[in-house]
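Now for the letters of each chain:
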Amino acid sequence: MKVLVTGGTGFIGSHTIVELYAAGMDVVNVDNLSNSEAFINDRVNAITGKHSTFINADITNEDNLRNIFRNHSIDAVIHFAAFKSVNESVEKPLEYYKNNIGATITLLKIMDEFKVTQLVFSSSCTVYGQPDELPVTEDSPIKEAATPYGYTKQVCEQIIMDFAHANAGFYSVILRYFNPVGAHNSGTIGELPRGVPNNLGPYITQTAAGIREVLKIFGNDYDTPDGTCVRDFIHVCDLAKAHVAALQKLIKEKPTQSVLVYNVGTGKGNTVLEVVKAFEKATGISVNYTITGRREGDIEKIWANAAKAEKELHWKAERSLEEAMLHAWLWEKNYRNIL
Ligand code: UD1
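Only a predicted model underlies this, so the values are computations on that prediction, with no experimental measurement involved. (Residues numbered from 1 in each chain as written. Predicted model: local features only at pLDDT ≥ 70, side-chain atom pairs only at ≥ 80, totals over all residues. Heavy atoms only, no water.)

(A) View of the environment of Glu95. Relative to the helices and strands, Glu95 resides in helix H5 (residues 93-113). Considering only alpha carbons, one finds Glu95 and Pro148, 53 residues apart in sequence, at a separation of 9.8 Å. (Helix = DSSP H or I, 4+ residues; strand = E, 2+ residues; numbered from the N terminus.)

This is the structure:
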């Protein structure tokens, strides 16, 4: 089984490649390194003891993709490659639409040309906006997207559904991720944001490492247990395993529906402050933080009902928030050479 992973050098992609090898699959990774570093591939190879094929290419270009499919006999695709910064998407909407939607369209076109019929797609709980009822199930309404980033996820989901409708024999699993945190327990791969992190996990570890002076917690006046926002934080290795489970569903079962959608979360909400406390407990390091005003566009609270994935993919999150924080810290220390 040879899996083409797009964006396999990124945070979730790299951890997924580790799990694909652990499940006995082979990998071709295409990534243009627009938001990731080539050395991550060496680290993945060191963890797995395998040598994945790495191709540095932009998949919005049809010929690039065609060459890959021509040169490798690809059985299935996991499509991660996308821009993912919510803020940046507001400033650069055309780049987000072109890259995220363009890549998905091109990928489907070339998969069709080469009769590759199995796709796992990387979506987000952002499609639910601020849900009316919690936890969210896969049937919860899709809300109007607050940002171009969120809209690209909604549109790509729809494109995949329309494509599947028009092409009998094509199957896809759409995974709606909640908030990935943590790192591989070796501490050799992890989240590697460029510049100032937007996301909570790397902001905490960089503050603990002394790279950022203070973690700003955006608002403590929400209607939540301690006033800070609630998210469903999932260890990235658990999230990675969900992709293997999704592929196995496509390979082994030939699902009754051509497109299956799953929430990939723990089923539990934690506040931002609880994440900071979990980090402190797991590492023994206190995080310098301050409470500031709300961040524009943040939703108050969201967490998953993950029962459908458990029932149908036979997958559930197993690692704790503290483990995730410990592993994220191991990675930050390793990357910064902190003893
Ligand atoms: C956002 C997107 C999500 C996307 C993810 C990855 C939305 C609603 N969510 O998640 O789809 O997949 O980014 O880029 O569009 N926080 C702080 N201080 C910080 C950083 C974050 O207090 O320095 C708080 C935020 O206010 C939020 C929580 O931590 O309450 C999580 O924030 P973040 O890691 O940025 O993820 P989301 O905004 O939930």
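That covers the picture; the talk isn't over yet.
(B) Spotlight on the packing of aromatic side chains. The full count for this structure, using the stated rule, is 7 aromatic pairs. Their ring planes at 5° and their centres at 6.2 Å tell us that Phe39 and Tyr335 sit as a pair that is stacked. Placement of Phe39 in helix H2 (residues 39-48) and of Tyr335 in helix H11 (residues 321-336) is noted, with a sequence separation of 296 residues between them. On the basis of relative accessible area, Tyr335 is assigned to the partly exposed category, the value being 32%. Relative to Trp329, the ring of Phe279 has its centre 5.8 Å away and its plane inclined at 80°; by these criteria the two rings are edge-to-face. In this pair, Phe279 is assigned in helix H9 (residues 272-283) and Trp329 in helix H11, connecting sequence segments 50 residues apart. Residue classification places Phe279 among the buried residues on the basis of a relative accessible area of 0%. Classification of Trp329 as buried rests on a relative accessible area of 6%. Put simply, the rings of Phe39, Trp331 and Tyr335 touch in pairs and so form one group of aromatic residues. The ring of Tyr222 has Arg294 lying over it, and the distance from NZ or CZ to the ring centre is 3.9 Å. (Phe/Tyr/Trp six-rings, centres within 6.5 Å; stacked < 30°, edge-to-face > 60°. Buried < 20%, exposed > 50% of the residue type's maximum accessible area, 1.4 Å probe, protein only. Lys NZ or Arg CZ within 6 Å of the ring centre and 35° of its normal.)

(C) Summary view of unusual backbone geometry. In this structure, Pro135 follows Leu134 across a cis peptide bond, with omega equal to -5°. The phi angle at Leu33 is positive, at roughly 60°, despite the residue not being glycine. Inspection of the secondary structure assignment puts Leu33 in the loop between strand E2 (26-31) and H2.

(D) Main features of the site of the ligand. Close to the ligand lie 19 residues; Ser124, Lys216, Arg231, Arg295 and Asp298 are nearest. For the ligand, an oxygen atom lies 3.1 Å from a polar atom in the side chain of Thr126. Burial of the ligand by the protein chains amounts to 89% of its free accessible area of 740 Å². Elements that contribute at least two residues to the shell around the ligand include exactly helix H7 (200-208) and strand E8 (215-218). Looking at the shell around the ligand element by element, the count peaks at 4 residues for E8. Here the shell around the ligand is built from residues that sort into 9 nonpolar, 5 polar and 5 charged. When residues are assigned to domains, the shell around the ligand turns out to be shared by domain 1 (2-181 + 232-264) and domain 2 (200-231 + 267-335), each giving three or more. (Near = heavy atom within 4 Å. Polar contact = N/O pair within 3.5 Å; in protein donor to acceptor, adjacent residues only side chain to side chain. Areas by Shrake-Rupley, 256 points an atom, 1.4 Å probe, with all protein chains shown as cover. Nonpolar A, V, L, I, M, F, W, Y, C, P; charged D, E, K, R; others polar. Domains from an automatic or database assignment.)

(E) Molecular detail of empty space enclosed by the protein. The full count for this structure, using the stated rule, is 3 cavities of 30 Å³ or more. What the largest cavity holds in volume is close to 70 Å³. As for the largest cavity, its lining consists of Val181, Gly182, Glu191, Gly201, Pro202, Thr205, Met325, Ala328, Trp331 and Glu332. Within the residue set of the lining of the largest cavity, elements represented by two or more residues are H7 and H11. Broken down by element, the residue count for the lining of the largest cavity peaks at 4 residues, all from H11. Classifying every residue of the lining of the largest cavity by side-chain character gives 5 nonpolar, 3 polar and 2 charged. Put simply, the second largest cavity is a space of about 50 Å³. Lining of the second largest cavity is provided by His79, Phe80, Ala81, Ala82, Asn100, Thr104, Phe121, Ser122, Thr152, Lys153 and Cys156. For the lining of the second largest cavity, the elements supplying multiple residues, two or more each, are H5, strand E5 (118-124) and helix H6 (148-166). For the lining of the second largest cavity, the element with the most residues is H6, which contributes 3 residues. Residue composition of the lining of the second largest cavity, grouped by class: 5 nonpolar, 5 polar and 1 charged. (1 Å grid on protein atoms, 1.4 Å probe; cavity = no way out; pocket = protein on both sides within 12 Å on 5 of 7 lines; lining within 4 Å. Points joined across faces, edges and corners; volume = space filled by probe spheres on them.)

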